[in-house]
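Each chain, letter by letter, is given below.
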Amino acid sequence: MPTRRLYHHDATQRQFEATIVALTTHEGKPAVVLDETAFYPEAGGQLGDRGTLGGIEVVDTQETESGDIVHVLAASGPEPGARITGALDWDRRRQHMAQHTGQHLLSGALLDRAGAATVSARLGESGLTIDVARDRIPEAELAAAEGLANDLVDDDLAVRAWFPDPGELAGLKLRRDPKVTADIRVVAIGEFDYSPCGGTHCARTSQLGAIRIIGAERYKGMTRVTFTAARRGRASLFGHDHVLRALGTQFSCAPADVPAAIDKLRRDSDALRTELTALRGQLANAVIASLPGTGPVIAVIPGDAELLRSVGAKLVGAGRDALLCSPDESGTTVVLFRAAGSTLDCGRLWKQLAAQLGGRGGGKADRAEGRLAAPVADWPQLVGTVST
Ligand SMILES: [Zn+2]
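Conventions used here
Residues numbered from 1 in each chain as written. Predicted model: local features only at pLDDT ≥ 70, side-chain atom pairs only at ≥ 80, totals over all residues. Heavy atoms only, no water. Domains from an automatic or database assignment. Contact = heavy atoms within 4.5 Å. Buried area = accessible area lost by both parts, 1.4 Å probe. Salt bridge = Lys/Arg side-chain N within 4 Å of Asp/Glu carboxyl O. Core = buried A, V, L, I, M, F, W, Y, C linked by side-chain atoms within 4.5 Å. Buried < 20%, exposed > 50% of the residue type's maximum accessible area, 1.4 Å probe, protein only. Helix = DSSP H or I, 4+ residues; strand = E, 2+ residues; numbered from the N terminus. 1 Å grid on protein atoms, 1.4 Å probe; cavity = no way out; pocket = protein on both sides within 12 Å on 5 of 7 lines; lining within 4 Å. Points joined across faces, edges and corners; volume = space filled by probe spheres on them. Nonpolar A, V, L, I, M, F, W, Y, C, P; charged D, E, K, R; others polar. Donors = N, O, S within 2.8 Å, 3.2 Å for Na, K, Ca; no water. Disulfide = S-S within 2.5 Å.

Peer 1: Would you explain the domain arrangement of the protein in this entry?
Peer 2: When the parts come together, some accessible area is lost, and that loss is often what is quoted as the size of the interface. Each domain of the protein was delimited in the assignment, giving domain 1 (4-88), domain 2 (94-238) and domain 3 (275-386). For domain 1 versus domain 2, the distance between C-alpha centres works out to 27 Å. At the interface, 12 residues of domain 1 touch 14 residues of domain 2. Of the roughly 1100 Å² buried where domain 1 meets domain 2, counting both sides, 53% is carbon and sulfur surface. The largest per-residue losses of area from domain 1 upon contact with domain 2 belong to H8, Q46 and L47, which jointly make up 50% of the total buried on that side. In this structure, the connection of domain 1 to domain 2 is made through one salt bridge.

This is the structure:
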């Protein structure tokens with residue numbers, strides 16, 4: 001005989017007494033079947049309950065094809081016939097109930113405001129998603145659906161679950177077709193939404209606190225809407241508020257002014273980058289003016305790779321090969337540029353330098369650069385040694 005489901009009649013029952021009718025296993029773990037239970041087995045997108053049975057931890061609850069509810073235990077327990085006390089992990093179940101009611105409410109709102117019918121939903125440990133049969137939903141319609149769902153939370157509608165007789169069932173406007181043909185259970189949110197559902201739900205919509213859509217992406221020709229609600233939603237939104245306040249403190253502004261502060265920071269950064277480029281160009285000109293003579297330039301130029309590139313580009317523009325380096329405590333930055341008409345092979349020279357001192361980099365015949373693993377003491381001498 002299938003397990004009697006206490007949660008069908010009272011989803012708020014957290015403790016109960018029952019008799020063990022069978023011992024079994026589930027994925028290698030000991031498990032028990034009771035004559036009746038308040039534990040909800042994973043189904044309809046809602047996760048299975050956890051808690052304790054006779055003081056032993058229930059790590060999961062699943063359902064068999066024949067309608068038995070299997071309580072998966074962390075350790076073996078009493079024998080068949082024993083009376084035991086069951087207690088739900090109520091915080092977890094309460095969150096699952098709120099998530100499930102939130103899903104029904106948002107599914108109803110998405111249908112009402114975006115013409116998007118729910119195909120499937122997942123109420124997992126890490127995320128809540130609804131897949132709806134519409135390819136693209138404009139932001140404004142998602143916002144309208146979210147707004148309606150939150151209005152209905154504020155309206156504190158009663159949520160009712162019952163088994164209507166066939167006559168009553170025929171008169172109900174169900175949002176989707178039932179997946180079973182007999183013993184159809186209906187969950188109603190006020191008079192807004194009627195859905196066939198075997199899950200556990202809040203007693204009133206105000207228990208959801210708020211519903212927030214946090215993402216919508218195209219998925220296999222549908223739209224996957226990610227949302228959050230109740231305690232989990234509150235934790236997530238409070239967490240974001242915490243981050244925004246911390247940013248406000250860093251920028252010495254109100255949280256709402258953080259976007260403007262970041263915008264100003266970005267503009268300041270762009271202006272500084274432009275100024276830096278101009279100054280680097282001036283420095284490169286001053287460096288070139290200090291270099292002697294004509295022909296290839298083999299020079300040590302204190303500075304970063306950007307300055308070396310800038311000097312190199314200007315020298316090449318003046319028809320001169322540029323073999324430049326900048327040593328520091330931990331190594332040497334090298335930039336090699338070939339002028340038009342020159343026979344210098346920059347890539348080959350780099351390989352010879354790297355073979356001698358070790359380093360990372362590379363390039364082609366006309367241009368190469370890299371970082372040698374050691375500081376170079378005498379650059380012209382080293383270039384002369386390796387290139388002969
Ligand atoms: Zn449901």
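Let us keep going from here.
Peer 1: Whenever I open this one, the nonpolar core confuses me. Can you help?
Peer 2: Side chains of nonpolar character tend, in soluble globular proteins, to be buried together. Ranked by size, the top nonpolar core spans 32 residues in total, and within it L105, L106, L110, I211 and F227 carry the most contacts. Sorting the residues of this core by element identifies α1 (90-114), β9 (118-123), β10 (128-132), α2 (139-154), β12 (186-189), β14 (211-219) and β15 (222-229) as the ones contributing at least two each.

Peer 1: When you look at the layout of surface pockets in this model, what are you seeing that I'm missing?
Peer 2: Over the atoms rolls a probe the size of a water molecule, and its path tells where empty space is left. As a volume, the largest pocket reaches approximately 1100 Å³. Taken together, 38 residues line the largest pocket, and the ones lying closest to its centre are A43, V180, C197, G198 and G199. Sorting the residues of the lining of the largest pocket by element identifies β1 (4-5), α1 and β9 as the ones contributing at least two each. Sorting elements by how many residues they give to the lining of the largest pocket places β9 first, with four residues. Of the residues contributing to the lining of the largest pocket, the split by class is 14 nonpolar, 15 polar and nine charged. As for the second largest pocket, its lining consists of 16 residues, of which R94, Q95, A98, C202 and Q207 are closest to the centre. For the lining of the second largest pocket, the secondary-structure elements that each account for two or more residues are α1 and α4 (230-251). If you tally residues by element for the lining of the second largest pocket, the top one is α1, at six residues. Residues of the lining of the second largest pocket, tallied by class, amount to seven nonpolar, five polar and four charged.

Peer 1: Looking at this structure, how should I read the coordination of the zinc ion?
Peer 2: Think of it this way: four donors in a tetrahedron around the metal ideally sit 109.5 degrees apart, and six in an octahedron ideally sit 90 or 180 degrees apart. For the zinc ion, every protein donor is listed as H100 (NE2), H104 (NE2) and C197 (SG), and the spread of their distances is 2.1 to 2.3 Å. Within one chain, the residues serving as donors to the zinc ion are arranged as H-x3-H-x92-C. One end of the pair is H100 and the other is H104, both in helix α1 and four residues apart, which spans about a single turn. What makes H100 buried here is its relative accessible area of 2%. Residue H104 is classed as buried on the basis of its relative accessible area, which comes to 4%.

Peer 1: Would you explain the state of the cysteines in this entry?
Peer 2: In a disulfide, the sulfur atoms of two cysteines are held together by a covalent bond. Counted by the stated rule, this structure contains zero disulfides. With no disulfide of its own, C346 lies closest to C325 among cysteine sulfurs, the gap being 14 Å.

Peer 1: Is there a simple way to explain the environment of G209 in this structure?
Peer 2: Its place among the elements puts G209 in the loop between β13 (193-196) and β14. Accessibility expressed as a relative area gives 48% for G209, which makes it partly exposed. Measuring from C-alpha to C-alpha, the distance between G209 and E17 comes to 32 Å, with 192 residues separating the pair along the chain.

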